[in-house]
Each structure stands twice: as C-alpha cells, then as structure tokens.
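Read off the chains here:
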Amino acid sequence: RILFPEDFARKSRNASKRVLTADTEEEMMILRALADGLRSGEEIIESTRLLAATFNQAITMLEIKGQVRALGANNWCLA
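As the structure is a prediction and not an experimental result, all values here were calculated from the model.

Rules and cut-offs
Residues numbered from 1 in each chain as written. Predicted model: local features only at pLDDT ≥ 70, side-chain atom pairs only at ≥ 80, totals over all residues. Heavy atoms only, no water. Pairing = 2+ DSSP bridges. Helix = DSSP H or I, 4+ residues; strand = E, 2+ residues; numbered from the N terminus. Contact = heavy atoms within 4.5 Å. Axes fitted to C-alpha atoms, helices over the stretch in contact; angles between N-to-C directions. Left-handed = near helix turned anticlockwise from the far one by under 90°. Nonpolar A, V, L, I, M, F, W, Y, C, P; charged D, E, K, R; others polar. Buried < 20%, exposed > 50% of the residue type's maximum accessible area, 1.4 Å probe, protein only. Polar contact = N/O pair within 3.5 Å; in protein donor to acceptor, adjacent residues only side chain to side chain.

Asks: Give a description of the sheet that holds strand 3 (residues 75-78) that names residues and reports values.
Replies: In space, the 3 strands of this open sheet follow the order 1-3-2, with antiparallel pairing throughout. Each of the sheet's edge strands pairs with one partner strand only, and the pair in question is strand 1 (39-40) and strand 2 (68-72). As paired elements, strand 2 and strand 3 share 4 bridges and run antiparallel to each other. Paired with Ala-70 across the two strands is Trp-76, which belongs to strand 3. Relative to strand 3, helix 2 (residues 25-34) is tilted by about 90°, and along the sheet it contacts strand 1, strand 2 and strand 3.

Written out as structure tokens, the structure is:
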C-alpha cells in the first residue's frame with residue numbers, strides 16, 4: 001500500500017533515470033526489474049527467469065552494496 005502515490009510516482013520516475021551499474025549479469029537483471037518500481041521477489045524471479053538461489057545471492061549482494069533496499073514481506077526497491 002502506498003500512502004502518498006504522488007511521492008511514489010516521482011521516486012519511480014527518478015529511479016528510471018538513474019544509471020544502473022552491477023558486477024554480474026544477474027545483478028543487472030534484478031536492477032532493471034526494480035527500475036520500474038516496487039517489486040516482489042516472486043515477480044523479479046518470474047520476469048528474469050533466475051533460479052531462486054541465484055536471485056537470493058544477487059539480491060543479498062545488491063543490498064550489501066547499498067543498491068537495493070528490502071521493504072519487508074519480500075518486497076524490494078532501488079536504494
């Protein structure tokens with residue numbers, strides 16, 4: 001649920017203009033999927049066709065690097 005849709009829309013537009021950089025192709029696939037806005041882990045796995053273990057490893061590395069942020073309930077966004 002989004003309390004302030006106009007803030008979310010503005011952040012989503014700004015995120016889509018950001019230059020995405022990643023160390024692996026899997027990380028880049030996840031960053032591209034997140035560039036559209038809030039996404040659940042299941043949606044990302046489905047759209048990227050990554051294995052669950054590969055997704056978990058890549059999303060953890062992206063979180064450690066500060067490129068993504070966990071929102072709880074398996075939801076992620078660009079940091």
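Asks: Which residues make up the packing of helix 2 against helix 3 (residues 41-48), and what values do they have?
Replies: Taken N-terminus to C-terminus, the directions of helix 2 and helix 3 make an angle of 120°; their axes are 10 Å apart at the nearest point. Between helix 2 and helix 3 the crossing geometry is right-handed. Two secondary-structure elements touch here, helix 2 through Met-29, Ile-30, Ala-33 and Leu-34 and helix 3 through Ile-44, Ser-47 and Thr-48. Along the lines of polarity and charge, the residues of the contact of helix 2 with helix 3 split into 5 nonpolar, 2 polar and no charged.

Asks: Summarise the side chain of Arg-39; cite the residues concerned and give the values.
Replies: Note that Arg-39 resides in strand 1. What makes Arg-39 buried here is its relative accessible area of 16%. Here the side chain of Arg-39 touches Ala-33 through a polar contact of 3.1 Å, landing on its backbone oxygen. For Arg-39, the side chain forms a polar contact with the main-chain oxygen of Glu-43, separated by 3.5 Å. Leaving out residues up to four positions away in the same chain, Arg-39 has contacts with Ala-33, Leu-34, Ile-44, Ser-47, Asn-74, Asn-75 and Trp-76.

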